[in-house]
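Understanding the architecture of this molecule
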Amino acid sequence: QVQLVESGGGLVQAGGSLRLSCAASGRTFSSYAMGWFRQAPGKEREFVAAISWSGGSYADSVKGRFTISRDNAKNTVYLQMNSLKPEDTAVYYCATSKGRWLSMRSYEYDYWGQGTQVTVSS
């Protein structure tokens, strides 16, 4: 059974930083692309970043501020978030792709974590 467990969320002031972690189990982690999505209250879930063997991809809203990385030996994917803004406030979810390819589409991810809350105060 595939399980994804996020951690590292919290409350931070605007301009601050957080690092989210997502520990995966139950799948050959290195064979799949991984992604981060977020959902703010009253809004649809949106793509944040993804990583595969070929590199990373970012939403325009976080490009230059967020960095996705992975440690295949630890079956863990990270999201380093710098220069946080109040509009980054959301529940952040990690997900594992159905394959090796990068995707910004949530329907191409088949397993999801429970989410971790990130709140950025102004």
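Just above sits the structure.
Described in the following lines is the structure provided in the data block. The shown structure was predicted, so the numbers you read here are calculated from the model rather than taken from an experiment. (Residues numbered from 1 in each chain as written. Predicted model: local features only at pLDDT ≥ 70, side-chain atom pairs only at ≥ 80, totals over all residues. Heavy atoms only, no water.)

What to know about the packing of aromatic side chains
- Counted by the stated rule, this structure contains 4 aromatic pairs.
- Ring geometry for F37 and Y109: centres 5.1 Å apart, planes at 80°, overall edge-to-face. One end of the pair, F37, is in strand β4 (residues 34-39); the other, Y109, is in strand β10 (residues 109-112), and 72 residues separate them in sequence. Take F37 and Y109: they sit in the same class, and that class is buried.
- Here R45 stacks its cationic end above the ring of W112, 4.7 Å away from the centre of that ring.
- The ring centre of F29 lies 4.6 Å from the NZ or CZ of R70, which sits over that ring. (Phe/Tyr/Trp six-rings, centres within 6.5 Å; stacked < 30°, edge-to-face > 60°. Helix = DSSP H or I, 4+ residues; strand = E, 2+ residues; numbered from the N terminus. Buried < 20%, exposed > 50% of the residue type's maximum accessible area, 1.4 Å probe, protein only. Lys NZ or Arg CZ within 6 Å of the ring centre and 35° of its normal.)

Quick look at the nonpolar core
- Residues W36, V48, F66, V77, L79, M81 and Y92 are the most contacted members of the largest nonpolar core, which totals 31 residues.
- Of all the secondary structure elements, the ones that give two or more residues to this core are β3 (18-25), β4, β5 (46-52), β7 (66-71), β8 (76-81), β9 (90-97) and β11 (116-121).
- The element that contributes the greatest number of residues to this core is β5, accounting for 5 residues.
- Sequence-distant contacts of L79, defined by excluding residues within four places in its chain, comprise L18, R19, L20, W36, V48, A49, F66, T67, I68 and Y92. (Core = buried A, V, L, I, M, F, W, Y, C linked by side-chain atoms within 4.5 Å. Contact = heavy atoms within 4.5 Å.)

Description of the sheet that holds strand β1 (residues 3-7)
- Here we have 4 strands laid out as an open sheet, ordered β1-β3-β8-β7, and antiparallel in their pairing. The sheet terminates laterally at β1 and β7, the two strands that pair on one side only. Each strand of the sheet is rotated relative to its neighbour by a mean of 15°, with strand direction disregarded.
- With 6 bridges connecting them, β7 and β8 associate as antiparallel partners. Considered in β8, the bridge of I68 is made with L79. (Pairing = 2+ DSSP bridges. Axes fitted to C-alpha atoms, helices over the stretch in contact; angles between N-to-C directions.)

Let's talk about the pattern of salt bridges
- Taken as a whole and assessed by the stated rule, the structure comprises 6 salt bridges.
- Between R27 and D110 there is a salt bridge whose closest N-O contact spans 3.0 Å. Of the two residues, R27 sits in the loop between β3 and β4 while D110 sits in strand β10, which places them 83 residues apart along the sequence.
- D60 is the partner of K63 in a salt bridge, and the nearest nitrogen-oxygen pair spans 3.2 Å.
- Given the relative accessible area of 66%, D60 is considered exposed.
- The network of salt bridges with common partners includes R38, E46, R65 and D88. (Salt bridge = Lys/Arg side-chain N within 4 Å of Asp/Glu carboxyl O.)

Re the side chain of T96
- Of note, T96 is situated in strand β9.
- According to the relative accessible area criterion, T96 is buried, its value standing at 2%.
- A polar side-chain atom of T96 sits 3.2 Å from a polar atom in the side chain of R27.
- Each residue touching T96, except ones within four places of it in the same chain, is listed here: V2, L4, R27, Y32, A33, M34, Y109, D110 and Y111. (Polar contact = N/O pair within 3.5 Å; in protein donor to acceptor, adjacent residues only side chain to side chain.)

A look at the pairing of β7
- Residues of β7 alternate between two faces, with F66, I68 and R70 buried on one and T67, S69 and D71 left unburied on the opposite face.
- Connecting the antiparallel pair β7 and β8 is a turn made up of 4 residues, with N75 showing a positive phi of about 50°.

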